[in-house]
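# Survey of secondary and tertiary structure
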Amino acid sequence: MHKIILALVFTLFVSAPLAAQESQLTLRLLLSKIESLQSEVNSLKEELATLKGTKEQQAVLDEKPAISHTTEHTKPEFNLTGDLVGSMSTLESGEELSRDDFALREAELEFEAHIAPDIEAVGIFAHDGDNFAVEEVYLEFAESNRRPEFKLGKFKAKLGLLNQWHPHAWPQVDASFVHQYIAFNADLIGAGLSAEVTTRKVIGDETAFTFQIMYPDDSERAVAPAMEALFSANEEDTPIKLARLQSKWTKAQQEIQIGVSSAWGHSDPQQRYEARLYGLDFTLECEDRFLLRGEWFRLEEEQGGPQEVDRSGYYLYAEKQITEKSLAGLRWDKTDFREQANLEAKGLSPYFTFWQNEQIRYRLQYTREERSDGVDDSRLLFQKTFSLGHHEHDH
């Protein structure tokens, strides 16, 4: 009997506490697993909410182009630009002071319109007080992963830098000497096709290759019939071909751009003689509002004689923005003359530019030109440019 009593006592005082401890451990393990499962459930809920939000945002983004194409892309933008220039000049060859009154150099009307998501129509029309000209009218097809950027119509050639801008957007009042005496007065325009491909990390941070084929502009130009001056029109309308390679490097405090250009065609109506124009340009732009830019051109032209025309020239200018609305600059020129051998011109042109606001700009420039034949010239130039519309000056 006493054995039975001892067994009961053992069960009550020893086995029962051990069983209770095991139950508590089991309960704690179950609670821990429940908490872990609850944490996983909450994490899955957050992921599902994130995926749902991403899909909703993508749906909104997918809808935006359709809305934009039916509003912005069908609404054309217009701009009117006026370019007024006055000058005083004196030739140191016994001639009296010549004075040109302040007059309209060019009035330009520009319109742009997206006629499709990746197609833009551009038209630029100019009048100089005497002549009306269709300067540029073309369709531009935006570059994509499957094709390069295309232009089809009449447009300015990508020959160097200055030729890509209209006169009101030039960095100085006049074109450089090398443009005036060799390179088309920076006004090379023609009708044809342009293709441009832009790549990254080939040469520099960004590289663009452009090829253009165009026919001479034989209309009454508002500035000058520059294309015909060198690449003469002919009965068979032989096109002129142009190529340009441009690379850009972007650093922390500056941006460097280097370009190489070439244009070739015929210099006579019978297509017997070739003409070739080569160009090299560079631009250095710093964050402290300092700009350094230059271009060099070389002309090779066959004329049927024992010697070819071989002319070259360059310009270099630096400018510094001194306030939010003003900048000062200095240009140096040196060039040969296409029409006359052994004649050289060089000169210095300080200038000052002031913006009254985003639409109105004033510029004052003094140019000293010295020629090897002794016919020197001093010119004082004044320019006022105004713009009405969406246009921003290229320079």
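Since the model is a prediction, treat every value here as computed from it, not as a measurement.

Alignment of strand β3 (residues 119–127) against strand β4 (residues 132–141), held across 9 bridges, turns out to be antiparallel. For Ile124, the partnering residue across the bridge sits in β4 and is Glu136. Where β3 folds back on β4, the antiparallel hairpin that results is connected by 4 residues, among which Gly129 adopts a positive phi of roughly 100 degrees. In this structure, β4 lies alongside strand β5 (residues 149–156), joined through 5 bridges in antiparallel fashion. Within β5, the residue paired with Tyr138 across the bridge is Gly153.

Take the pairing of strand β7 (residues 206–216) next. The sheet contact formed by strand β6 (residues 189–200) and β7 spans 11 bridges and is antiparallel. Residue pairing for β7: Val197 is matched across the bridge by Phe209. Between the antiparallel neighbours β6 and β7 lie 5 residues, among them Lys201 with a positive phi of about 60 degrees. Relative to strand β8 (residues 240–250), β7 runs antiparallel, the two sharing 9 bridges. Counterpart to Phe209 in the pairing with β8 is Leu245.

So, about the environment of Arg293. Relative to the helices and strands, Arg293 is located in strand β11 (residues 290–301). Side chain to side chain, Arg293 and Tyr317 meet in a polar contact 2.7 Å long.

Phi is positive for Arg289, close to 65 degrees, though the residue is something other than glycine. One can find Arg289 in the loop between β10 (274–286) and β11. The phi dihedral of Asn342 falls on the positive side, at around 60 degrees, and the residue is not glycine. Asn342 sits in the exposed class, given a relative accessible area of 81%.

Further remarks concern the pattern of salt bridges. As enumerated under the stated definition, the model contains 19 salt bridges in all. Residue Arg105 pairs with Asp83 through a salt bridge whose shortest N-O separation is 2.8 Å. One end of the pair, Arg105, is in strand β2 (residues 98–116); the other, Asp83, is in strand β1 (residues 77–91), with 22 residues separating them in the sequence. Look at Arg105 and you get partly exposed, because its relative accessible area is 24%. Overall, Asp83 belongs to the buried group, its relative accessible area being 0%. The partner of Glu300 in a salt bridge is Arg298, and the shortest N-O contact between them spans 3.4 Å. Assessed through its relative accessible area of 16%, Glu300 is described here as buried. Note on Arg298: relative accessible area 31%, which makes it partly exposed.

Time to look at the side chain of Ser262. You can see Ser262 is positioned in strand β9 (residues 254–266). Those residues within four positions of Ser262 in sequence are excluded, and the remaining contacts are Leu159, Lys241, Leu242, Ala243, Leu277 and Tyr278.

Below, the discussion takes up the packing of aromatic side chains. One pass over the full model with this rule turns up 8 aromatic pairs. An angle of 15 degrees between the planes, with centres 6.4 Å apart, marks the rings of Phe111 and Phe125 as stacked. Of this pair, Phe111 sits in strand β2 while Phe125 sits in strand β3, and the two are 14 residues apart along the sequence. We classify Phe111 as partly exposed; its relative accessible area is 26%. For Phe125, a relative accessible area of 25% translates into the label partly exposed. Ring pairs connect the aromatic residues Phe78, Phe111, Phe125 and Phe132, which therefore count as one cluster. Its end group placed over the ring of Tyr138, Lys151 keeps NZ or CZ at 4.7 Å from the ring centre.

Rules behind the numbers
- Each residue is numbered by its place in its chain's sequence as written, counting from 1.
- Per-residue local features are limited, in this predicted model, to residues with pLDDT of at least 70; the limit for side-chain atom pairs, both in listing and counting, is 80 or more; totals at the level of whole chains, interfaces and linings are taken over all residues.
- Values reported for side chains reflect all heavy atoms of the structure, with hydrogen atoms and water molecules removed beforehand.
- Being paired, for any two strands, means DSSP has found at least two bridges between them.
- Only runs of H or I of at least four residues qualify as helices and only runs of E of at least two qualify as strands under DSSP, and these elements are numbered from the N terminus.
- Distance and chemistry together define a polar contact, namely a pair of N or O atoms within 3.5 Å, with one atom able to donate a hydrogen and the other to accept it when in protein, and with adjacent residues in sequence counting only for side-chain atoms on both sides.
- Buried means the residue's accessible area, taken with a 1.4 Å probe over protein chains only, is under 20% of the maximum for its type, while exposed means over 50%, and partly exposed covers the values in between.
- The salt bridge definition used is simple: a Lys or Arg side-chain nitrogen within 4 Å of an Asp or Glu carboxyl oxygen.
- We call two residues in contact when some of their heavy atoms are within 4.5 Å.
- Aromatic pairing here means that ring centres of Phe, Tyr or Trp (its six-membered ring) are within 6.5 Å. Orientation follows from the plane angle: under 30 degrees is stacked, over 60 is edge-to-face, and everything else is tilted.
- Charge over a ring is defined by NZ of Lys or CZ of Arg lying within 6 Å of the ring centre and within 35 degrees of the ring normal.

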